[in-house]
Amino acid sequence: MTLRADQLPSPAGRHMWLALGAVYALAVALRLLRAGLPDDSFYPDDIYQMLEQAHRLVFGYGYQPWEFQVGIRSWLLPGLMGGVLKGLAALGFDRPELYGPAVTGLAILLSLTLIEASRRAARRLGGERAGLIAALAVAVYTPCIAAAQKITPEIVAGYAFAAALAASLGADRRSALWSGLLAGIVAGLRIHYGPALVVLAAIAWLRRDRRWPDLAVFLAAGAFAFSIFGVVDWLTWGAPFLSYVNGVRANIGHDVAAFFGVMPVYFYLQVFAVGAILALFAALDWRRTGWLLVPVLVIVAVHSLIGHKEPRFIFAIHGPIMAALGVFLAGRLQHPLIMSKQHDRKAAAQAIEPGAISSRPDDAVRSESALDKGREGRLLAGVVIALLVATSLKSFVLLWRDPGNTASISSDYRTAVLALRREPDVRAVASYGIDYFWFPGCYWLHEDVPVQFVRRLPASSAEIPAGISHVFLPVGAPPLPGFSPVGTYGLVELRHRDEIDPAAPLPPIDRSLPLTFSWDKGIHDAWWD
């Protein structure tokens, strides 16, 4: 079949797609590079509330954090990840050296949806150029790169929120349907985004000329998607939406969240200062970017009123901010000499021809002014993109040179555990002097052996049970007669017993992590119990 001339892609269109392909290639490269560095945004929940539970479903063993002991977490996302692990195991990826990188690769692919959602949102408000700038901004923005290797409810909710917002900006009923479905998923993954989802519903209604049937489609689709989480709770916890009810009981009734720390109201503005500055820039074009920034303001305001704050809790703001930034910068980069009136177009044509003289003095003045504004717009865009790239490069350099305790100990512990897997005679393991929540779980150990956690260092080898074959210690721990080093991995050291007694009794296997909260005892630090 031969395409007509008007069916062929224009040179500008081809260049746009080539540029977008380059943006995606850059995004993948940065995310793969970041995945190979220590994770300075690591939380124990990244393992224990997601990947560890998926491992427990598929392989039959794994640690159970207090949230899954008292029933305040939905099983939907861990169950889906369990399906992923099951599929990988069926393909022969049945050990962490294989399924670990595969899951990380899947997370990186999933993270690209944030680029596409932000691009589409910006394109709907500011055109193709706005979409390209938004995609580039997400590709190089540090919080988006850092989150790309994770699959957690907060991160996936952020991806779904950006996609729901992009769909809500459409004008037809089909996009309202998709926006509602995605909004229901967001509510199930992070119920705290509820107020922002109300704003999303209002946007979907306003963008469709206040058509009530379209709003009804949005709400019905959202209710359907959210009901799936209720069904999963019914099947796993015994009652619909029980994990959400228990979450309110624990965090509000028993004030569990505050147990982990209370931060000042301005915490998020301090942590994401660069993002706040970029949002202020975008707000200069409020007529167009307000559609994107109002949900951001609601998310930040609601979470700022909650005492316990963590950067991951408001991950959903990053995509809309970058989309708004794309709209703002594209507006400053529009060709400065396109006028609305015919004689202004003529003056513009004369202005761009070298040596041309305008037929009217006021046209020449207007054209020169427009040229100045165009140069200013390009300069502003260059400065903003340079700021994004500079902050990203800074994070890479810092992680490479000095990752900090949080990033080091989590990655070092994982490296030590993988080294333990290569030992031929592992019977039981004890970890001394390292908080248990840094342990990378059975997801990375993948050996059904007893593991004990002891907060203090042993005074002598006699304190270590005879059945323990290997011990983890903080680097610099004193020598233990009868134990020899296997290797030192950053801040973690692995040692093995010189003479292992096969007949020595093994300590019991207890995969219930020390509780921080229980319904009968309330808040307590079970590590000391």
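Here the structure is shown first, and the text comes after it.
Residues numbered from 1 in each chain as written. Predicted model: local features only at pLDDT ≥ 70, side-chain atom pairs only at ≥ 80, totals over all residues. Heavy atoms only, no water.

Colleague: So what exactly am I meant to see when it comes to the overall build of the protein here?
Modeller: Along the backbone of the protein there are 21 helices and 7 strands. Residue burial in the protein is summarised as follows: out of 529 residues, 50% are buried. If you take every contact in the protein between residues at least 6 apart in sequence, the share linking residues at least 24 apart comes to 71%. Only carbon and sulfur atoms are counted for the fraction: they give 65% of the accessible area of the protein, which is about 24,400 Å². (Helix = DSSP H or I, 4+ residues; strand = E, 2+ residues; numbered from the N terminus. Buried < 20%, exposed > 50% of the residue type's maximum accessible area, 1.4 Å probe, protein only. Contact = heavy atoms within 4.5 Å. Areas by Shrake-Rupley, 256 points an atom, 1.4 Å probe, with all protein chains shown as cover.)

Colleague: I'm lost on the sheet that holds strand β5 (residues 492–497) in this one. Help?
Modeller: Sheet strands associate in pairs through backbone hydrogen bonding, adopting either a parallel or an antiparallel arrangement. Spatial strand order, β2-β1-β3-β5-β4: 5 strands in an open sheet with mixed pairing. Strands with a single pairing partner mark the edges of an open sheet, and in this sheet they are β2 (451–454) and β4 (483–489). Strand-to-strand, the axes of this sheet are offset by a mean angle of 20 degrees, without reference to chain direction. Two strands pair when backbone bridges link them, and strand β1 (residues 429–432) and strand β3 (residues 470–474) are joined in this way by 3 bridges, in the parallel orientation. Of the residues in β3, the one forming a bridge with Val-429 is His-470. (Pairing = 2+ DSSP bridges. Axes fitted to C-alpha atoms, helices over the stretch in contact; angles between N-to-C directions.)

Colleague: So what exactly am I meant to see when it comes to the pairing of β3 here?
Modeller: Every regular strand shows the same layout, with side chains that alternate between the two sheet faces. Where burial is concerned, most of β3 is hidden: 4 out of the 5 residues are buried. As judged from the 5 bridges shared by β3 and β5, these two strands associate in the antiparallel manner. What sits directly across from His-470, in β5, is His-496.

Colleague: Just to check I follow, could you spell out helix α15 (residues 273–283) for this structure?
Modeller: Residues of α15 that are buried: Gly-275, Leu-278, Ala-279 and Ala-282. Looking down the long axis of α15, one finds its buried residues gathered within 105 degrees of arc, a one-sided arrangement. (Arc of directions from axis to C-beta.)

Colleague: Please explain the side chain of Ser-411 as it appears in this structure.
Modeller: Its place among the elements puts Ser-411 in helix α20 (residues 404–421). Judged by relative accessible area, which is 12%, Ser-411 ranks as buried.

Colleague: Any chance you could explain the side chain of Asp-285 here in plain terms?
Modeller: With respect to the helices and strands, the residue Asp-285 is situated in the loop between α15 and α16 (286–304). Accessibility expressed as a relative area gives 11% for Asp-285, which makes it buried. Setting aside residues no more than four positions away along its own chain, Asp-285 makes contact with Val-327 and Phe-328.

Colleague: Just to check I follow, could you spell out the pattern of salt bridges for this structure?
Modeller: Within this structure, the stated rule accounts for 20 salt bridges. Note that Arg-421 and Glu-97 form a salt bridge whose closest N and O atoms lie 2.9 Å from each other. Placement of the pair is Arg-421 in helix α20 and Glu-97 in helix α5 (residues 96–126), with a sequence separation of 324 residues. On the basis of relative accessible area, Arg-421 is assigned to the buried category, the value being 17%. Residue classification places Glu-97 among the partly exposed positions, given a relative accessible area of 35%. Arg-455 is paired through a salt bridge with Asp-435; the nearest N and O atoms lie 3.6 Å apart. Of this pair, Arg-455 sits in the loop between β2 and β3 while Asp-435 sits in the loop between β1 and α21 (441–445), and the two are 20 residues apart along the sequence. We classify Arg-455 as partly exposed; its relative accessible area is 27%. (Salt bridge = Lys/Arg side-chain N within 4 Å of Asp/Glu carboxyl O.)

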